[in-house]
Amino acid sequence: MKMPEMTDETFLRLAREEDNCSILAGNLQGIFQKKESPAVEPAVPVTKFAFGALINLQRRNRQWTIEQLAEKAEIDLNEAVSIEEDPAYRPEPRAVFQLAKVLALPIKKLLVLSGNAELASPRLETAAVRFAARSRAVEKLSEAEAAALNEFVAALVEEDDERKVS
Amino acid sequence: MPEHNHWNWDRKSYDLKFTAYRCIGIRCDGEIQGLMMVSTLATEGRSAANKRKPVLYVKYVESAPWNLKAYVGEDTRFGGVGTALICAAIEVSAEEEFKGRIALHSLPQSEQFYARFMEDLGIDPEGENLRYFEMSEEQSKTFLKGGDK
């Protein structure tokens with residue numbers, strides 16, 4: 001069956017009216033399946049470490065907890081934790097966009113650092129590698145960090161003890 | 001975009017194992033600007049106009065983020081990605097003898113776009129609570145002529 005063709009004029013008008021809005025429909029889950037247990041996991045690019053470290057330091061610089069960051073960026077708390085803690089985690093572009101907004105960071109660079117777009121700038125890569133290397137703190141833990149650490153260790157020990165008892 | 005970034009379509013398109021799906025992409029400036037996947041297995045229509053008639057189910061549509069105002073503001077690269085992909089879906093539907101009838105589940109942020117030229121059949125609890133839209137033969141012809149539904 002032959003359908004009428006859209007004229008160029010009509011297409012241009014509809015394109016203007018579309019106004020670069022979202023057209024996202026459907027869901028890839030169920031169609032695409034993750035590769036089954038690859039023999040060798042692909043290496044996580046160093047830029048991904050930089051992304052997590054950048055979000056972490058930006059957040060701490062504002063003295064926000066991860067919960068506060070998640071709330072302000074309107075992203076899931078699990079996602080916020082994964083972004084900071086798991087370099088292999090690749091956030092959805094929406095989350096990156098929200099983070100860019102609340103942390104006043106350039107969205108395009110963040111899309112690259114987060115693994116949502118490919119890197120084409122050697123300068124950005126060099127800067128990201130250097131940042132990832134330098135952002136690993138060597139200073140003493142702050143009181144809040146020490147308290148959080150102690151609390152978590154105490155919970156771990158407690159749970160371990162409970163298991164031994166049961 | 002100031003740098004020649006590439007939307008990582010590999011993430012979206014790796015490991016495709018089903019032959020009943022067709023992937024259609026729009027390539028400009030050597031890059032994929034939008035991607036769509038349709039199921040060529042006939043799906044029964046739900047709207048009054050499509051009742052007991054086969055429709056082409058659009059399983060997935062997405063535009064590259066640099067073409068979306070929500071991501072890059074006014075600095076978008078190409079427009080009309082959605083319009084072009086819907087045209088392509090209608091064409092595939094016609095090729096498959098579904099007469100231009102198509103259906104999809106829209107994500108909330110895209111509902112306004114699809115509501116203009118497709119029939120809104122409401123939230124579909126069996127479609128991940130996404131809103132389900134259908135386009136009839138007449139609506140697809142109207143769309144191609146540039147009119148709203």
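First things first, this report covers the structure right here in the doc. Quick caveat, the model's predicted, so the values are computed rather than measured.

**Details of the overall build of chain A**
- Each helix and strand counted, chain A has eight helices and two strands in total.
- When the helices and strands of chain A are placed in sequence order, the string is α-β-α-α-α-α-α-β-α-α.
- Evaluated residue by residue, chain A yields a buried proportion of 36% over its 166 residues.
- As displayed, chain A has an accessible area near 11000 Å², and 52% of this comes from carbon and sulfur atoms.

**Some thoughts on the overall build of chain B**
- Looking only at helices and strands, one finds five helices and seven strands in chain B.
- For chain B, with 149 residues in total, the buried portion stands at 52%.
- In chain B, the proportion of contacts linking residues at least 24 apart, taken out of those at least 6 apart, comes to 57%.
- Put simply, chain B shows about 6700 Å² of open surface, and 48% of that area lies on carbon and sulfur atoms.

**A word on the environment of Ile75 of chain A**
All names here are of chain A.
- Relative to the helices and strands, Ile75 resides in the loop between α3 (66-73) and α4 (77-85).
- Put simply, Ile75 and Gln98 are 23 residues apart on the chain and 7.6 Å apart in space, counted from C-alpha to C-alpha.
- Not counting chain neighbours up to four residues away, the residues in contact with Ile75 comprise Ala70, Ala80, Ile83, Arg94, Ala95, Gln98 and Leu99.

**Structural notes on the nonpolar core**
- Counting residues in each nonpolar core, the largest one holds 32 residues, and the members touching the most others are Met36, Ile86, Ile102, Tyr114 and Phe143 of chain B.
- Residue assignment for this core shows that the elements contributing at least two residues are β2 (21-28), β3 (31-44), β4 (54-63), α3 (81-95), β5 (102-106), α4 (111-115), β7 (130-135) and α5 (137-144) of chain B.
- Contact partners of Tyr114 of chain B, with chain neighbours within four places excluded, come to Ile23, Leu24 and Ala25 of chain A together with Val61, Ile86, Leu104, Ser106 and Phe133 of chain B.

**Thoughts on the pairing of β7 of chain B**
Residues and elements named next belong to chain B.
- With five of six residues buried, β7 lies mostly within the body of the structure.
- Pairing between β5 and β7: five bridges, direction antiparallel. Opposite Ala103, over in β7, you have Glu134 as the bridge partner.
- Sheet topology places strand β6 (residues 119-124) next to β7; four bridges connect them, and they run antiparallel. Residue pairing in the sheet places Ile123 in a bridge with Arg131 of β7.
- Taken together, β6 and the strand that follows it, β7, pair antiparallel across an intervening segment of five residues, in which Glu128 is found at a positive phi of about 55 degrees.

**Examining the packing of aromatic side chains**
- What the rule picks out here adds up to six aromatic pairs over all chains.
- Centroid distance Tyr114 of chain B to Phe133 of chain B: 6.3 Å. Interplanar angle 45 degrees. Geometry classified as tilted. You can see Tyr114 of chain B sitting in helix α4 and its partner Phe133 of chain B sitting in strand β7, a full 19 residues away along the chain.
- On the accessibility criterion, Tyr114 of chain B (0% relative accessible area) is buried.
- Judged by relative accessible area, Phe133 of chain B falls into the buried class, the value being 0%.
- When the ring of Phe117 of chain B is compared with that of Phe143 of chain B, the centres are 4.6 Å apart and the planes differ by 40 degrees; the resulting orientation is tilted. Of this pair, Phe117 of chain B sits in the loop between α4 and β6 while Phe143 of chain B sits in helix α5; the two residues are 26 residues apart in sequence, bridging distant segments of the chain. Each member of the pair Phe117 of chain B and Phe143 of chain B is classed as buried.
- Of note, Arg62 of chain A hangs over the ring of Trp64 of chain A, and the distance from its end group to the ring centre comes to 5.6 Å.

Cut-offs and rules
Residues numbered from 1 in each chain as written. Chains lettered and ligands numbered in written order. Predicted model: local features only at pLDDT ≥ 70, side-chain atom pairs only at ≥ 80, totals over all residues. Heavy atoms only, no water. Helix = DSSP H or I, 4+ residues; strand = E, 2+ residues; numbered from the N terminus. Buried < 20%, exposed > 50% of the residue type's maximum accessible area, 1.4 Å probe, protein only. Areas by Shrake-Rupley, 256 points an atom, 1.4 Å probe, with all protein chains shown as cover. Contact = heavy atoms within 4.5 Å. Core = buried A, V, L, I, M, F, W, Y, C linked by side-chain atoms within 4.5 Å. Pairing = 2+ DSSP bridges. Phe/Tyr/Trp six-rings, centres within 6.5 Å; stacked < 30°, edge-to-face > 60°. Lys NZ or Arg CZ within 6 Å of the ring centre and 35° of its normal.

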